[in-house]
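# Structure assessment
Read off the chains here:
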Amino acid sequence: MLVHTIKELRELRKSWDGNLTVGIVPTMGALHEGHLSLIKKAKATCDKVVVSVFVNPIQFGPSEDFDKYPRTLEKDVELCKSAGVDVVFAPSPSEMYGGKCESAGSNESKPDAYEEGNRLSNDTLTYVCPPFFYVNKLCGKSRVGHFDGVCTVVLKLFNIVQPDFGFFGQKDAQQVIVIKKMVHDLNVPIKIIQCPIVREDSGLALSSRNKYLTEQGKQDALVLSRILNNIKACFKRGINDVSALKETAYAYLTDKYDLEYLEILDKNTLEEKEKADKDTIALIACRVEGVRLIDNIYLGEEE
Ligand code: AMP
């Protein structure tokens, strides 16, 4: 069932037997096999599954791809139906954030304060701001305010749906850590389940943004997983010095790649370390054909 309003969602939620377990899979739509793996896990874990489809304006920076982000709601709903999802929750930005809405050149309306950047003005919204330590690195460093937007919308979704479980992908590893921290710090009674990265046979991590790439771009984008796999192989061969592991990437990075970060950190806390060990994650963000792609790998685990 497709619902667009918080009221309808709450009514449905109320109609479910209180003993049933509920899971939420928050997404921005343009669903692919990666999203479907989260949905499958949610179906296997919970009695009722809600998938949210919401391109969240407040997690995009002013010069990011909010306007051109792929929107394929009809197809998403079909995919969710086939996967046995109970409810697709697809609110408009004004349903989520209120305010006078204007179209601002896109098909979708935005909250009126959107033009100020990815933050609504202070008197329109209470924000959830994760600790600086968790967001002053990796994606949070280049996308300032991004995780405020993510945490704010995710907590709102949690409060609207009141699920027992939330399903998130390792693909956005920093996001899962930040959300787990929020849930812990704010005593949100929800268990966060992390699901592995789904890849194409080529190794390319599935992403809605892969749609922006040409065929050549998709080939070029393989460099992310190649760099990560090589770092892991080097680690397995006994190299554990983080600087040495990072240096192995440079052989792959020709002019067509615009590396944003390559970090090797503690997989649970995102703390830096000099020596990699079994609790280490390597993370990369790189632009290919101008498209910002991210990927990561756990060095100490079989994948
Ligand atoms: P998005 O729609 O990109 O915001 O993603 C919604 C959820 O799907 C997030 O928890 C992502 O981490 C997860 N996700 C995206 N791509 C993948 C993937 N290739 N494998 C597993 N999960 C993914």
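Nothing here was measured: the structure is a model prediction, and the numbers come from that model.

### What about the site of the ligand?
Taken together, 17 residues form the shell around the ligand, and within it His35, Gly169, Asp172, Val198 and Leu206 come nearest. The side chain of Asp172 places a nitrogen or oxygen atom 2.6 Å from an oxygen atom of the ligand. Val198 is positioned such that a nitrogen or oxygen atom in its backbone is 2.9 Å from a nitrogen atom of the ligand. Coverage of the ligand by the protein chains reaches 93% of its 490 Å² of free accessible surface. Within the residue set of the shell around the ligand, elements represented by two or more residues are β2 (22-27), α2 (33-45) and β7 (165-169).

### Re the sheet that holds strand β1 (residues 2-3)
Spatially, β1-β4-β3-β2-β7-β8 is the arrangement adopted by the 6 strands of the open sheet, whose pairing is parallel. Strands with a single pairing partner mark the edges of an open sheet, and in this sheet they are β1 and β8 (191-195). Where β7 meets β8, 5 bridges bridge the pair, whose relative direction is parallel. Looking across to β8, one finds that Phe167 is bridged to Ile193. Those strands touched by helix α3 (residues 73-82) are β1, β3 (48-53) and β4 (87-89), and its axis lies near 165° from that of β3.

### A look at the environment of Lys273
Counting through the fold element by element, Lys273 comes out in the loop between β9 (257-266) and β10 (280-288). Residues Lys273 and Ala244, spaced 29 residues apart in sequence, show a C-alpha to C-alpha distance of 13 Å. Here Lys273 is in contact with Val242, Ile264, Leu265, Asp266, Asp279 and Thr280, once residues within four sequence places are set aside. At 2.8 Å, the side chain of Lys273 and the side chain of Asp277 are in polar contact. A distance of 3.4 Å separates a polar side-chain atom of Lys273 from the backbone oxygen of Asp279.

### A look at the pattern of salt bridges
Within the structure shown, the criterion is met by 17 salt bridges. The closest approach of N and O atoms between Arg143 and Glu64, which form a salt bridge, is 2.6 Å. Here Glu64 lies in the loop between β3 and α3 and Arg143 lies in the loop between α6 (138-142) and α7 (146-161), a separation of 79 residues in the sequence. In this structure, Asp241 and Lys275 form a salt bridge, with 3.4 Å as the shortest nitrogen-oxygen distance.

### As for the state of the cysteines
Disulfide: a covalent bond formed between the sulfur atoms of two cysteine residues. Counting across every chain of the model gives 0 disulfides. A disulfide-free cysteine, Cys195 has its sulfur positioned 10 Å from the sulfur of Cys46, the nearest such atom. Cys234 forms no disulfide, and the closest cysteine sulfur to it belongs to Cys286, at a distance of 18 Å. Under the relative-accessibility criterion, Cys234 is labelled buried at 4%.

### Description of the nonpolar core
Note on soluble globular proteins: their nonpolar side chains tend to be buried together. If you look at the biggest cluster of nonpolar residues, it comprises 50 residues, and the most contacted ones within it are Phe89 and Phe158. A per-element tally of this core places α7 first, with 10 residues. Counting contributing residues, this core receives three or more from each of domain 1 (2-195) and domain 2 (208-298). Core analysis: the next-biggest nonpolar cluster, separate from the first, contains 27 residues, Leu224, Ile231, Phe235 and Ile297 among them.

### Structural notes on the packing of aromatic side chains
Scanning all chains against the criterion turns up 6 aromatic pairs. A centroid spacing of 5.6 Å and a plane angle of 85° characterise the contact between Phe133 and Tyr134, whose relative ring orientation is edge-to-face. Taken together, the aromatic side chains of Phe60, Phe66 and Tyr69 make up a single cluster linked through ring pairs. The ring of Tyr298 has Lys267 lying over it, and the distance from NZ or CZ to the ring centre is 5.3 Å.

Analysis parameters
Per chain, the residues get numbers from 1 upward, laid out in the order the sequence is written. Thresholds applied to this predicted model are a pLDDT of at least 70 for local features of residues and 80 or more for the giving and counting of side-chain atom pairs; totals over whole chains, interfaces and linings are not thresholded and use all residues. Only hydrogens and water are set aside; all other atoms, that is, all heavy atoms of the structure, feed into the side-chain values. Consider each residue's heavy atoms; a residue with any of them within 4 Å of a molecule or strand counts as near. N or O atoms within 3.5 Å of each other form a polar contact, as long as, within protein, one can give a hydrogen and the other can take it, and as long as residues adjacent in sequence are counted only when both atoms are side-chain atoms. Accessible surface area values rest on a Shrake-Rupley calculation with a 1.4 Å probe, where residue burial reflects the displayed protein chains alone. Runs of H or I in DSSP of at least four residues are treated as helices and runs of E of at least two as strands, each being numbered from the N terminus. Should DSSP find at least two bridges between two strands, the strands are taken to pair. We call two residues contacting when some pair of their heavy atoms lies within 4.5 Å. The axes used here are C-alpha line fits, helices contributing only the stretch in contact, and every angle between their N-to-C directions lies in the interval 0 to 180 degrees. Just to be clear on terms, a salt bridge is a Lys or Arg side-chain nitrogen sitting within 4 Å of an Asp or Glu carboxyl oxygen. When two cysteine sulfur atoms are found within 2.5 Å, that pair is recorded as a disulfide. Only protein chains enter the accessibility calculation, which uses a 1.4 Å probe; a residue whose area is less than 20% of its type maximum is buried, one above 50% is exposed, and one in between is partly exposed. We call a set of buried Ala, Val, Leu, Ile, Met, Phe, Trp, Tyr and Cys residues a nonpolar core when their side-chain atoms join them within 4.5 Å. An automatic or database domain assignment supplies the start and end points of every domain. Any Phe, Tyr or Trp ring, taking Trp's six-membered ring, that has another such ring centre within 6.5 Å forms a pair; planes under 30 degrees apart are called stacked, those over 60 apart edge-to-face, and the others tilted. Placement of a positive charge over a ring is assigned whenever Lys NZ or Arg CZ falls within 6 Å of the ring centre and within 35 degrees of the normal to the ring plane.

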